[in-house]
Amino acid sequence: MALSIPTRFRSIPGRFALPLRYRNAALFALLALLFGGTFVAIETGLRELPPLLFAGLRFDIGAAALIGYVLLRRPRSAWLPRTRRDIAGIAVAGVFIVAANNALLFVGQGSTTPAMASIMYGLNPVLAPVFAWWILDDRLSKTGMLGIGVALAGVAAIVQPSPSTLTGAGTVGQVLVLGAAAAVAIGSVLLKRVRPEMGSLPLTAWAMVLGAVLLHALSVAAGESPARAVGVGRLTLVSLLAVGIPSTAVAYAINFDLLERIGPVRTNLVAYVVPVVAALAGWALLGTGLSAATVAGFLIVVVGFGLVERQTLRCEVCRLRRWRRRRGGAGSARRAESPCPCDD
């Protein structure tokens, strides 16, 4: 799980630029695979385990693995919370990003398919600007507001609300998964406001501990018996381990590594690869299908995301063009004439 970049990759730009680029792409693909597989593993585990207990066990395993890694690889001064901001950050991440997110996700997926759940969950990048406007007073432009409306139209195309379907188990499950995406979006914006000083990886590890405690408390309050975890089948045990270690401890570590090195916009684009992985995995392993309306709704959501984040995406395209020009030997004068709005 050592995710730091070797020194030789940082210090020798010419020869090792492409291997580093391939490494980022490989980690991005692995992250999509791990997150996409989560929905299939949850679907499998829910056949024997109640949802809140399953979610709590996921973070028992994930927190143990990630804290073990942090304790071995980081000095004590790096992994202990030192300030009120650190404690507030752990509380926000534990309550919203871990507990509320996974409680809604696991309960909701009990009545919908992995592909449908992953698509609804992929609305997180679109919902975040709405909460940023509300909490941080980051104003949305008219085009951004249009993008939010387009994304909501995509959700309507997926859910297809009607008097006969609004109370159906499938629709309720999709709304709960949408609530999980909203919890992640709120938590991410609140973290930006709190601005914890400790590293993101130790903060995530402690948030997993807090989230696991809250999820087990919710499980007991909902009447779920912890004894249900005893004597589960081999397939359920495999799904629990798959969700707990690769899709939680490893995936979270990769996610934060990519956030640091390639930025949040390109990393968050994984939300639009995950439904493809989840749909293919669900079809191959569970025999689930995907309707044309669901695919169309997902594409509409992607268009809405593009409208909301159009400036940032344009900057990323410009940076890619600059990199290609440098690889092609273009001179500094040509780069100076670049029309890209975020050349720096």
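Residues numbered from 1 in each chain as written. Predicted model: local features only at pLDDT ≥ 70, side-chain atom pairs only at ≥ 80, totals over all residues. Heavy atoms only, no water.

Further remarks concern the overall build of the protein chain. What the protein chain contains, in helices and strands, is 16 helices and zero strands. Relative to its 344 residues, the protein chain shows a buried fraction of 45%. Put simply, of all contacts in the protein chain between residues at least 6 apart along the chain, 87% involve residues at least 24 apart. Here the protein chain displays about 16,900 Å² of accessible surface, and carbon together with sulfur accounts for 65% of that area. (Helix = DSSP H or I, 4+ residues; strand = E, 2+ residues; numbered from the N terminus. Buried < 20%, exposed > 50% of the residue type's maximum accessible area, 1.4 Å probe, protein only. Contact = heavy atoms within 4.5 Å. Areas by Shrake-Rupley, 256 points an atom, 1.4 Å probe, with all protein chains shown as cover.)

Inspection of every chain in the model, using the stated rule, returns three aromatic pairs. Ring centres of Phe39 and Tyr121 lie 6.0 Å apart, and the angle between their planes is 70°; on these two criteria the pair is classed as edge-to-face. On the criterion of sequence distance, the pair formed by Phe39 in helix α2 (residues 13–45) and Tyr121 in helix α6 (residues 114–121) is long-range, its members being 82 residues apart. On the basis of relative accessible area, Phe39 is assigned to the buried category, the value being 4%. You can call Tyr121 partly exposed: its relative accessible area is 22%. Here the aromatic rings of Trp79 and Trp206 are separated by 6.0 Å at their centres, their planes lie at 35°, and the arrangement is tilted. Here the residue Trp79 occupies a position in helix α4 (residues 76–79), and Trp206 occupies one in helix α10 (residues 200–221), the gap between them amounting to 127 residues. (Phe/Tyr/Trp six-rings, centres within 6.5 Å; stacked < 30°, edge-to-face > 60°.)

Residues lying three or four places apart along an α-helix face the same way, a consequence of the helix completing one turn every 3.6 residues. With 17 residues, helix α14 (residues 292–308) ought to run about 24 Å at 1.5 Å a step, and its terminal C-alpha atoms sit 25 Å apart, in line with that. What α14 keeps buried is the set Thr294, Gly297, Phe298, Val301, Gly304, Phe305 and Val308. Along α14, the residues classed as buried sweep out an arc of 115° about the axis, all on the same side. In α14, the exposed positions angled more than 90 degrees off the buried face are occupied by Ala292 and Leu299. (Expected span 1.5 Å × (residues − 1). Arc of directions from axis to C-beta.)

For the rest of this paragraph, the subject is unusual backbone geometry. Most peptide bonds take the trans configuration, and most residues that are not glycine carry a negative phi. Phi is positive for Arg195, close to 55°, though the residue is something other than glycine. Inspection of the secondary structure puts Arg195 in the loop between α9 (169–194) and α10.

The next thing to look at is the confidence of the model for the protein chain. On average, the protein chain scores 76 in pLDDT, and the residues at 70 or more come to 76%. Taken as a whole, residues 1–18 scores under 50 in pLDDT and shows 27 contacts with residues more than four places along the chain or in a different chain. Predicted confidence is poor over residues 331–337, with pLDDT under 50, and the contacts of this stretch with residues over four places away or in other chains come to five contacts. (pLDDT = per-residue confidence, 0-100.)

Here we take up the packing of helix α5 (residues 84–109) against α10. At a minimum axis separation of 7 Å, α5 and α10 run at an interaxial angle of 50°. As summarised for this structure, α5 and α10 are arranged oblique, according to the angle between their axes. Helix-helix and strand crossings are classified by hand; for α5 and α10 the assignment is right-handed. Each of Gly89, Ile90, Ala91, Ala93, Gly94, Val95, Val98, Ala99, Asn102 and Ala103 in α5 lies in contact with α10, whose residues at this interface are Leu203, Trp206, Ala207, Met208, Leu210, Gly211, Ala212, Leu214, Leu215 and Leu218. (Axes fitted to C-alpha atoms, helices over the stretch in contact; angles between N-to-C directions. Parallel < 35°, antiparallel > 145°, perpendicular 65-115°, else oblique. Left-handed = near helix turned anticlockwise from the far one by under 90°.)

Formed by 73 residues in total, the largest nonpolar core has its most connected members in Leu31, Phe54, Phe59, Leu105, Phe106, Leu127 and Phe131. Of all the elements, helix α3 (residues 51–73) adds the most residues to this core, at eleven residues. Setting aside its immediate chain neighbours within four residues, Phe54 contacts Ala41, Ile42, Gly45, Leu46, Leu49, Phe106, Ser239, Leu240 and Val243. (Core = buried A, V, L, I, M, F, W, Y, C linked by side-chain atoms within 4.5 Å.)

Mapped onto the secondary structure, Ala253 falls in helix α11 (residues 234–262). Classification of Ala253 by relative accessible area gives buried; the value is 4%. Taking the C-alpha atoms as reference points, Ala253 and Leu66, 187 residues apart in sequence, are found 8.2 Å from one another.

Attention now goes to the environment of Ile245. Secondary-structure assignment places Ile245 in helix α11. Considered as a pair, Ile245 and Asp60 are 185 residues apart in the sequence and their alpha carbons are 9.9 Å apart. Beyond its immediate chain neighbours, meaning those up to four positions away, Ile245 contacts Ile61 and Val250.

To characterise two packed helices, one gives the angle between the axes of the helices and the distance between these axes. Remark: α3 packs on α5, axes separated minimally by 8 Å, with the N-to-C direction vectors making an angle of 135°. As the angle between them shows, α3 and α5 are arranged oblique. Between α3 and α5 the crossing geometry is right-handed. Along its contact with α3, which presents Pro51, Leu52, Phe54, Ala55, Arg58 and Phe59, the element α5 presents Val98, Asn102, Ala103, Phe106 and Val107.

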